[in-house]
Amino acid sequence: MYHFINYMAPFGPMTLGADDSHVLVVTFEECKICTGANEVLYQLASQLDLYFEGKLKDFTVPAKIHYQSDFSRDVLEALKEVRYGTTMTYADLARKSGHPGAFRAVGSVLHKNILCLIYPCHRIVAKDSVGGFGGGLELKKWLLEHEKSFF
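The structure displayed is predicted, hence computed values, not measured ones.

Lay out the packing of helix H2 (residues 70-79) against helix H4 (residues 103-111) in plain terms, naming residues and giving numbers.
Between two packed helices, what matters for the description is the angle formed by their axes and the separation of those axes. Where H2 contacts H4, the axes come no closer than 10 Å and their chain directions differ by 80°. When the interaxial angle is binned, H2 and H4 end up roughly perpendicular. Taking contact as the criterion, the partners of Phe71, Ser72, Val75, Leu76 and Leu79 in H2 are, on H4, Ala105, Val106, Val109 and Leu110. Looking at the contact of H2 with H4 residue by residue, the classes come out as 8 nonpolar, 1 polar and no charged.

Right, dumping it as structure tokens:
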């Protein structure tokens, strides 16, 4: 059974979704089909509270992501290693994932990320700018500043 709730972050609503054992969805938009929380979502909401208070740097709640390809698996697994309060360029993430030169394809994988914050795509920036972000550039800047202030 799947469970979906809204979580009110400091910048607005987020959708959280889980099955009975793993987080499956963390997005920066409001949930339209709330079904009620389960233990996994209570744990995630608690960790999000701590994250936004600057008291949690690594999420430990069990999460499961569907990899669309071996390439997306490589990118997302490398992404999980980008530490709190730091950034990496798309090109650096492409190299780290074993796909040097595939920085545009890395951006495409990040744009489809439905486990935001757990897979911290906001920490990936362009060579000479903040880069893109599915949640919007203002939110990306907010998240980066938030982490920097507690780093």
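That was the structure; now back to the text.
Please give an account of the pairing of strand E3 (residues 23-27) that cites residues and values.
For E3, the tally of buried residues reaches 5 of 5 residues, placing the bulk of the element in the interior. As defined by bridge partners, strand E2 (residues 12-18) adjoins E3 across 4 bridges and the pair is classed as antiparallel. Within E3, the residue paired with Leu16 across the bridge is Val26. Counted between consecutive antiparallel strands, the loop separating E2 from E3 contains 4 residues.

Describe the packing of aromatic side chains, with residues and values.
Enumeration according to the criterion identifies 9 aromatic pairs in this entry. Relative to Phe52, the ring of Phe11 lies with its centre 5.7 Å away and its plane at 75°, an arrangement referred to as edge-to-face. Of the two residues, Phe11 sits in the loop between strand E1 (3-9) and E2 while Phe52 sits in helix H1 (residues 39-52), which places them 41 residues apart along the sequence. Residue classification places Phe11 among the partly exposed positions, given a relative accessible area of 27%. Ring centres 5.5 Å apart and planes at 35° place the aromatic pair Tyr51 and Phe59 in the tilted group. Note on Tyr51: relative accessible area 1%, which makes it buried. Three or more aromatic residues joined by ring pairs form one cluster here, namely Tyr7, Phe11, Phe28, Tyr51, Phe52, Phe59, Tyr84, Phe133 and Trp142. The cationic tip of Lys80 hangs over the ring face of Tyr119; the distance from NZ or CZ to the ring centre is 5.0 Å.

Conventions we followed
One numbering rule holds for all chains: residues counted from 1, following each sequence as written. It should be noted that, the model being predicted, local features are given only for residues of pLDDT at least 70 and side-chain atom pairs only at 80 or more, the latter also being counted only at that level, while totals for whole chains, interfaces and linings use all residues. The side-chain figures draw on all heavy atoms in the structure; neither hydrogens nor water molecules are used. Between N-to-C directions, angles span 0 to 180 degrees; the directions come from axes that are lines fitted to C-alpha atoms, helices contributing only their stretch in contact. Helical segments are the DSSP runs of H or I of at least four residues, strand segments are the runs of E of at least two, and each set is numbered from the N terminus. Angles below 35 degrees are treated as roughly parallel, those above 145 as roughly antiparallel, those between 65 and 115 as roughly perpendicular, and all remaining angles as oblique. Residues count as neighbours in contact if any of their non-hydrogen atoms are within 4.5 Å of one another. We call Asp, Glu, Lys and Arg charged. Ala, Val, Leu, Ile, Met, Phe, Trp, Tyr, Cys and Pro are nonpolar, and the rest, Gly among them, are polar. Whether a residue is buried, partly exposed or exposed follows from its accessible area with a 1.4 Å probe, protein chains only, as a fraction of its type maximum: under 20%, in between, or over 50%, in that order. We call two strands paired when DSSP finds no fewer than two bridges between them. Pairing of aromatic rings covers Phe, Tyr and the six-membered ring of Trp, with a centre-to-centre limit of 6.5 Å; geometry is then stacked below 30 degrees between planes, edge-to-face above 60, and tilted otherwise. Cation placement over rings: the criterion is NZ of Lys or CZ of Arg within 6 Å of the ring centroid and within 35° of the ring normal.

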